Each structure stands twice: as structure tokens, then as C-alpha cells.
Amino acid sequence: MEEGAMPQKQRIRAAVSLGIGVLLIVTVIVGYFPQPQYIKELTCISNFGLGILFLVSAIRQLRGKKEWPGLVYGCGVVTILLVFIICMVSLTGMYRMNFQGAFLFLHVINPLMVLAYYLVFVDEKSRGRARGVFLMPCAAILYLLADYIGGKVGGAFVYGFFEPAELSFFSAVLVGAVLYLMLLAVGFVVYFINGRLHKR
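Attention here is on the structure that accompanies the text. Everything numeric in this text was worked out from a predicted model, so none of it was measured. (Residues numbered from 1 in each chain as written. Predicted model: local features only at pLDDT ≥ 70, side-chain atom pairs only at ≥ 80, totals over all residues. Heavy atoms only, no water.)

Some remarks on the layout of surface pockets
- For the largest pocket, the calculated volume is near 930 Å³.
- Lining the largest pocket are 30 residues, with L144, F161, F162, V175 and L179 sitting closest to its centre.
- Listed by contribution, the elements that provide at least two residues to the lining of the largest pocket are α2 (42-62), α3 (70-90), α5 (138-154) and α6 (169-197).
- A total of ten residues in the lining of the largest pocket trace back to one element, the largest contributor, which is α6.
- Looking at the lining of the largest pocket residue by residue, the classes come out as 27 nonpolar, two polar and one charged.
- In this structure, the second largest pocket spans a volume of roughly 270 Å³.
- E41, R96, M97, N98 and Y159 are, among the 14 residues lining the second largest pocket, the residues nearest its centre. (1 Å grid on protein atoms, 1.4 Å probe; cavity = no way out; pocket = protein on both sides within 12 Å on 5 of 7 lines; lining within 4 Å. Points joined across faces, edges and corners; volume = space filled by probe spheres on them. Helix = DSSP H or I, 4+ residues; strand = E, 2+ residues; numbered from the N terminus. Nonpolar A, V, L, I, M, F, W, Y, C, P; charged D, E, K, R; others polar.)

As for the packing of helix α4 (residues 102-121) against α6
- Across the interface, α4 lies against α6 with an axial gap of 8 Å and an inter-helix angle of 40°. Judged by the angle between their axes, α4 and α6 are oblique. Counted together, L115, Y118 and L119 of α4 and V190, Y191, I193, N194 and L197 of α6 form the full contact between these two elements.
- Taken together, the residues of the contact of α4 with α6 sort by class into seven nonpolar, one polar and no charged. (Axes fitted to C-alpha atoms, helices over the stretch in contact; angles between N-to-C directions. Parallel < 35°, antiparallel > 145°, perpendicular 65-115°, else oblique. Contact = heavy atoms within 4.5 Å.)

Here we look at the packing of aromatic side chains
- Applying the stated criterion across every chain yields a total of seven aromatic pairs.
- Taking the centre distance of 4.7 Å and the plane angle of 90° together, the rings of F54 and Y117 count as edge-to-face. One end of the pair, F54, is in helix α2; the other, Y117, is in helix α4, with 63 residues separating them in the sequence.
- Members of the aromatic cluster, joined through ring pairs, are F54, Y73, Y117 and F121.
- Here R60 stacks its cationic end above the ring of W68, 4.3 Å away from the centre of that ring. (Phe/Tyr/Trp six-rings, centres within 6.5 Å; stacked < 30°, edge-to-face > 60°. Lys NZ or Arg CZ within 6 Å of the ring centre and 35° of its normal.)

Topic: the environment of G21
- Structurally, G21 can be placed in helix α1 (residues 8-32).
- When the C-alpha atoms of G21 and R196 are compared, they prove to be 26 Å apart, with 175 residues separating the residues in sequence.
- With residues near it in sequence (within four places) discarded, G21 still touches G51, F54 and L55.

And the structure:
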């Protein structure tokens, strides 16, 4: 390999980062541009935020910059998997989610692609510390906290699972703690699988 040439693995990762980033952002635009009143949804914010992350990552990778810490991707994975899990539970008939057009990508395909990227390209094994897993649910929890505050002030939550008047502060803390533990379990599962895949 010529001096200064980019390793093939890094070129592949940059190309995949660019492709995923473009797809995430395009599907957000296609899905939410006709109905901008719904851009506060976690589906929109997580897909768009990760799209920006992947585009910036692709630029950094092409320029040979140091990779983001695995925790950055891990937070994104857990957040977008929350979207995926909520949508999969809807298939039981408890509530309805949109799987038409761009939303099939936003709710199903994009989360699975982000998960696959994390498992294939992010090497958590080399870091050797699992303490960061406890921070993986933080982005999703911060979104839910913002939704709780906005719902109490504005009179409606982004998702109508609860009415603001029905959810006291104590109940919100309890729900938040349960969700954190559930997302923490998701984080440990993907972290464990990642470690097994990158085991040397």
C-alpha cells in the first residue's frame, strides 16, 4: 500500500457511513416534509440526528481523523432501537404505527442498518470497559424528559400513551426508571454481541 493511502477497511467504512447518513436524512425529508407538525417525534429526531452523525463520520473517516468513541454510536443505537421496539410492539394490535413508504425505513430498516453498522464497524472490544453502557440510554431518556416537560407546559405529549394530567411527577420518575432499565438491557445486549463479534 502506498504511503498515506487510506486502508481499504476505512474506505469501506466511510462509504457505508455516507450511504447510511444519506438514506437516514432522505427518508426523514420524504416522510416528514409533507407533515412538519410531527418533526418532534422520536422517529424523526433519532433518524435525522443519526443521519448527521453518519455524514460527519464519513467526512472524518475520509480525512483520516480519529473515530468517534463507541459510546456516541451506542447512544444512537439504543435510541433508534427504542423506535424499532415501539413499532414492533404495535404489531400486537395495541396501537397503530405507520409502516407505509418512507416510514418502513424510518421505523424498521434504518434502525436495523444502524445496529448492523455498530456491530460490524464499531469495535467496543478494543476499549475493554463496559461502564459506558450505562450512558447508552441517556439520549432517549433526555428526549422523554423534554417530552414530559413540554407536555406539562403545552398540555399534550408527543405520543398519546398518557395524558399530562394522568402522569404525576412520581409516576413519570417511575416510568423513566423502568424505561432506563429496559434500554440499559438493550444496551448490554448489543454491547455483548459487539464484543463477541470483535473478539480476537
